[in-house]
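# Analysis of the macromolecular model
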Amino acid sequence: MKTCLAVFAACVLNAQQRADIRVDVDLVTVTCSVTDRGGAPAKNLRPEDFILNDNGAAQTIKHFWQESDLPLTVGLVADVSGSQAGFIKNHRDAVARFLTQVVGPRDRAMLVSVAQQAWLVADLTNSADTLQDAVERIGRRDGSAGPLLGGRCKGARIRFGCGGTALWHGLYFTARQGLRPVDGRKAMIVLSDGMDTGSDRSLTDVIEAAQSADTVVYTIKYLSPIRFASPTLTILTAVKSRSLERLAHETGGHPFGNPGDKLAEVFTQIENELRNLYVLGFTPAEEARDGKFHKLEVKTVRKDLVVRTRTGYHAREKDR
């Protein structure tokens, strides 16, 4: 009986805390992945184990919880452009395996494919049948018959459209429209070589959108052999593909190279991190509500632990 009462009290306290979070519109939440030096998730940490700085100023952690029991919302984005033509089957297999291995009955997922435009292949759903049908349509003609995500990409640097790969356009609107309105644990999984050919959104826009949505981004890089066709193309591909590493690092995620036969291990690592995220909440001082970008730094008092989180956030402007 005492155990039941204790569980009930914990649930009530948790619900009250979440209600307080919704009421405090100035609250900044910071999702963190904490691991030991070997990459194993660090469990059972407490607020006093964390040090949180906002633009160098120490912050009081007002809310704290670990999201191991919360549903997961994930946006899966598959690049099906020409440079990824040889990997489309791999992308289908990867998405299907991720849905089977990581996404549970209480979780939701959305599927997006990117080439000349970004298409919403499946909106957020927990229907296994809907998601399986969507997986089969990735890279096929009927997979490009769905609604455009974020409207038509008009192109920032190319006269007609966005070239062959509107990658940043697709990732921006996956974060902005798909994940930002959702509470709880959120992640984006990107299967691509990182080659954008002229989106009307930039890599910086994507990073800011993911940070604003408090979404962790994991990237899995598939590089086409055509990159060796010329020295210029090799250099260009190497430079462009590093954007995936930047996207993952600045949102608190992790970049992976071509997984080959290690895909199950990659998804196991991602799942372990997503099931053991910590969320810290603080309320900035009045003078810090300046509408500017603030640099976040999170670490633990334990020197043997590594913390990954988004690099910053855009502060709300105080009411005038």
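We now turn to the structure provided with this report. These figures come from a predicted structure and were not determined experimentally. All residue numbers refer to positions counted from 1 along the written sequence of the respective chain. Restriction of local features to residues with pLDDT of at least 70 applies here, the model being predicted, together with a cutoff of 80 or more for giving and counting side-chain atom pairs; totals for whole chains, interfaces and linings are based on all residues. As a rule here, side-chain values cover all heavy atoms of the structure and leave hydrogens and water aside.

## Looking at the pattern of salt bridges
- Counted as salt bridges are all cases of a side-chain nitrogen of Lys or Arg within 4 Å of a carboxyl oxygen of Asp or Glu. Under the criterion given, the structure shown has 13 salt bridges.
- For the salt bridge of R46 with E48, the shortest nitrogen-to-oxygen distance reads 3.5 Å.
- Think of it in three bands: with a 1.4 Å probe and only protein chains considered, a residue is buried below 20% of the maximum accessible area for its type, exposed above 50%, and partly exposed in between. Since its relative accessible area comes to 48%, R46 is described here as partly exposed.
- The partner of R246 in a salt bridge is E250, and the shortest N-O contact between them spans 3.0 Å. With R246 and E250 both in helix α6 (residues 231-250), this residue pair falls four residues apart, about one helical turn.
- Each of the salt bridges in this network shares a partner with another, and the network as a whole consists of D26, E286, R289 and R316. In this text, helices come from DSSP runs of H or I with a minimum length of four residues, and strands from runs of E with a minimum of two, each type numbered from the N-terminal end.

## As for helix α7 (residues 263-274)
- Multiplying 1.5 Å by the residue count of a helix minus one yields the expected span of that helix. Compared with the 16 Å implied by 1.5 Å per residue over 12 residues, the 16 Å span of α7 between its first and last C-alpha is a close match.
- Of all the residues in α7, the buried ones are L263, V266, F267, I270, E273 and L274. The arc that holds every buried residue of α7, seen down its axis, measures 125 degrees, which confines them to one face. This arc corresponds to the set of directions leading from the helix axis out to the C-beta atoms.

## Remarks on the environment of L191
- Tracing the backbone shows L191 in strand β8 (residues 185-192).
- Relative accessible area serves as the criterion here: at 3%, L191 is assigned to the buried category.
- Note: C-alpha distance between L191 and L244 (53 residues apart in sequence) is 9.8 Å.
- Contact between two residues is taken to exist if any of their heavy atoms lie within 4.5 Å; hydrogens are not considered. Once you skip the residues sitting within four places of it in the chain, L191 turns out to touch V77, A78, D79, Q84, H91, A94, V95, I220 and Y222.

## Overview of the nonpolar core
- Remark: nonpolar core denotes a set of buried residues (Ala, Val, Leu, Ile, Met, Phe, Trp, Tyr, Cys) joined through side-chain atoms within 4.5 Å. By size, the foremost hydrophobic cluster in this structure holds 37 residues, and its most contacted members are F98, L111, I220, F267 and I270.
- Beyond its immediate stretch of four places on either side in the chain, L111 contacts L76, V95, W119, L120, V121, A122, L131, A134, V135 and I138.
- By size, the runner-up hydrophobic cluster in this structure holds 26 residues, among which are Y172, M188, A209 and V217.

## Quick look at the state of the cysteines
- A pair of sulfur atoms, both from cysteines and within 2.5 Å, is called a disulfide here. Applying the stated criterion across every chain, the model contains one disulfide.
- Each sulfur of the disulfide joining C153 and C162 lies 1.9 Å from the other. Across the S-S bond linking C153 and C162, the dihedral sits near -95 degrees, which makes this disulfide left-handed. This pair shows no difference in class: C153 is buried, exactly as C162 is.

## Overview of the packing of helix α2 (residues 88-101) against helix α3 (residues 128-137)
- Whenever a helix is involved, its axis is fitted only over the stretch in contact; in every case the axis is a line through C-alpha atoms, and angles between N-to-C directions fall within 0 to 180 degrees. Relative orientation of the contacting elements α2 and α3 amounts to 165 degrees, with a least axis distance of 9 Å. Considering the angle they form, α2 stands roughly antiparallel to α3. The chirality of how α2 crosses α3 is right-handed. Mapping the contact onto sequence places R92, V95, A96 and L99 in α2 and L131, V135 and E136 in α3.
- When its residues are assigned to classes, the contact of α2 with α3 shows five nonpolar, no polar and two charged. Relative orientations are named as follows: roughly parallel for angles under 35 degrees, roughly antiparallel for angles over 145 degrees, roughly perpendicular for angles from 65 to 115 degrees, and oblique for any other angle. Each crossing is labelled by how the near helix is turned from the far one, with a counterclockwise turn of less than a right angle marking it left-handed and a clockwise turn marking it right-handed. When residues are grouped by polarity, Ala, Val, Leu, Ile, Met, Phe, Trp, Tyr, Cys and Pro land in nonpolar, Asp, Glu, Lys and Arg in charged, and all others, Gly among them, in polar.

## Concerning the pairing of strand β6 (residues 108-114)
- In terms of burial, β6 is a largely internal element, six of the seven residues being buried.
- The definition of a right-handed crossover adopted here requires that, viewed with the strands pointing away, the path from the first strand over the helix to the second runs clockwise. Once the chain exits strand β5 (residues 72-79) it traverses α2 before rejoining the sheet at β6, and the crossover so formed is right-handed.
- Summarising the sheet, β6 and strand β7 (residues 118-125) pair through five bridges and their orientation is antiparallel. Residue pairing in the sheet places A109 in a bridge with T125 of β7. Whether two strands pair depends on DSSP finding at least two bridges between them.

## A closer look at the packing of aromatic side chains
- Each pair of aromatic rings taken from Phe, Tyr and Trp, with Trp reduced to its six-membered ring, is defined by centres within 6.5 Å and is described as stacked if the planes are under 30 degrees apart, edge-to-face if over 60, and tilted in the remaining cases. This model, assessed by the stated rule, comprises seven aromatic pairs.
- Seen from their ring centres, F50 and Y278 are 5.5 Å apart, and the 55 degrees between their planes marks the pair as tilted. In this pair, F50 is assigned in strand β2 (residues 50-54) and Y278 in strand β11 (residues 277-282), connecting sequence segments 228 residues apart.
- Overall, F50 belongs to the buried group, its relative accessible area being 7%.
- Owing to a relative accessible area of 0%, Y278 belongs among the buried residues under this scheme.
- For the pair F98 and F267, a centre-to-centre distance of 5.0 Å together with 75 degrees between the ring planes defines the contact as edge-to-face. Here F98 is found in helix α2, whereas its partner F267 is found in helix α7, with 169 residues between them in sequence.
- Overall, the relative accessible area of 0% leaves F98 in the buried class.
- Each residue in the set F50, F64 and Y278 is aromatic and connected to the rest through ring pairs, giving one cluster.

## Structural notes on the sheet that holds strand β12 (residues 293-300)
- The strand order across the open sheet formed by four strands is β3-β2-β12-β14, and the pairing between neighbours is antiparallel. On the outer flanks of this sheet lie β3 (57-58) and β14 (312-314), each paired with one strand and no other.

## A closer look at the environment of K318
- Inspection of the secondary structure puts K318 in the segment after β14.
- Taking C-alpha positions, K318 is 9.2 Å from D26, a pair spaced 292 residues apart along the chain.
- With near-sequence residues (within four places) excluded, K318 lies in contact with E286 and R289.

Treat this as a map of the structure, not an account of what it does.
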